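Overview (structure and organization)
Listed below are the residues making up each chain.
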Amino acid sequence: MENNHKHFKIYKPFKMLSQFSSNAAKEQRKHFLSELGNFPEGIMPIGRLDEKSEGLLLLTTDGKLSDHVNQSGIEKEYYALVDGAISAEAIQQLCNGVEIGFNGKKYITKPCKVFKLQALPNLPERSKKIRDARHGPTTWISVTLTEGKFRQVRKMTSAVNCPTLRLVRVRVGKILLEDMPVGSVFPIDNLKEIL
């Protein structure tokens with residue numbers, strides 16, 4: 001039955017993998033989503049956030065819905081703290097599309113929305129310290145993509161010489177991270193209606 005599927009939104013912590021377990025020997029000491037609570041059988045993340053990224057991750061027991069979100073060009077917004085005082089020119093380059101490496105091939109990113117945040121975002125402190133202002137300026141930017149290549153935002157900001165120091169996904173479609181605490185889990189009634 002369609003309606004028996006369960007959906008959740010979580011705040012994925014920094015240094016946690018976007019999976020529930022791993023048989024890989026080198027990953028046995030890592031942290032997994034299963035640490036955040038008891039989830040129903042068949043649960044899967046919709047898309048991924050790499051280990052060093054944090055923020056909004058959607059979970060569902062509906063594989064078709066997961067495929068739909070990953071392939072439909074639904075907007076995903078990230079706040080990235082980048083190294084340096086990013087220039088208007090660099091922001092324009094990011095908006096237009098930059099060349100990144102992906103699976104050993106060159107790839108030009110699709111046009112996207114990027115702008116400088118005027119105020120510091122209201123995010124929880126990160127467990128691991130990020131370098132401070134004594135090492136030079138940093139800038140928070142918003143990046144909204146309709147695609148999601150592996151480590152795409154990080155590769156994009158590096159392409160304009162402003163490496164990402166912290167990356168937080170704050171929105172998928174109409175679903176917002178809002179002021180969720182790190183590691184928290186909220187059930188969502190009908191994911192289809194709000195994506």
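Residues numbered from 1 in each chain as written. Predicted model: local features only at pLDDT ≥ 70, side-chain atom pairs only at ≥ 80, totals over all residues. Heavy atoms only, no water.

Within the structure shown, the criterion is met by three aromatic pairs. Ring geometry for F20 versus F39: centroids 5.4 Å apart, planes at 75°, classification edge-to-face. One end of the pair, F20, is in the loop between β1 (7-12) and β2 (44-46); the other, F39, is in the loop between β1 and β2, with 19 residues separating them in the sequence. We note that F20, like F39, is buried. Ring geometry for F102 versus Y107: centroids 6.4 Å apart, planes at 55°, classification tilted. Overall, the relative accessible area of 22% leaves F102 in the partly exposed class. An aromatic cluster is built from F8, F20 and F39, whose rings are joined through pairwise contacts. Over the face of the ring belonging to Y107 we find K149, whose NZ or CZ atom lies 4.9 Å from the ring centre. (Phe/Tyr/Trp six-rings, centres within 6.5 Å; stacked < 30°, edge-to-face > 60°. Helix = DSSP H or I, 4+ residues; strand = E, 2+ residues; numbered from the N terminus. Buried < 20%, exposed > 50% of the residue type's maximum accessible area, 1.4 Å probe, protein only. Lys NZ or Arg CZ within 6 Å of the ring centre and 35° of its normal.)

On to the environment of S34, then. With respect to the helices, strands and loops of the structure, S34 is situated in the loop between β1 and β2. Relative accessible area serves as the criterion here: at 38%, S34 is assigned to the partly exposed category. A distance of 3.0 Å separates a polar side-chain atom of S34 from the backbone oxygen of F20. (Polar contact = N/O pair within 3.5 Å; in protein donor to acceptor, adjacent residues only side chain to side chain.)

Moving on to the pattern of salt bridges. In this structure the tally under the stated criterion is nine salt bridges. With its nearest N and O atoms 3.3 Å apart, the salt bridge here joins D50 to R154. Note that D50 is positioned in the loop between β2 and β3 (54-60) and R154 in helix α3 (residues 152-159), a separation of 104 residues in sequence. R154 carries the same exposure label as D50, and that label is buried. It is possible to trace a salt-bridge network through shared partners that takes in E75, E77, K113 and R171. (Salt bridge = Lys/Arg side-chain N within 4 Å of Asp/Glu carboxyl O.)

Here we take up the nonpolar core. Ranked by internal contacts, the top residues of the largest apolar core, which has 32 residues, are L33, L59, I86, L94, V114 and I141. At the level of elements, β1, β3, β4 (76-83), α2 (88-96), β8 (138-145) and α3 are the ones that each hand at least two residues to this core. The biggest single contributor to this core is α2, with four residues. Membership of the second largest hydrophobic core comes to 20 residues, among which are I46, V170, I175 and L191. (Core = buried A, V, L, I, M, F, W, Y, C linked by side-chain atoms within 4.5 Å.)

Let us look at the pairing of strand β5 (residues 99-102). By the bridge criterion, four bridges tie β5 to strand β6 (residues 105-108) in an arrangement that is antiparallel. Note that in β6 the partner of G101 across the bridge is K106. Counted along the chain from β5 to the antiparallel partner β6, the turn is two residues long, and its residue N103 has a positive phi close to 55°. (Pairing = 2+ DSSP bridges.)

Purely geometric stuff here, so don't read any function into it on its own.
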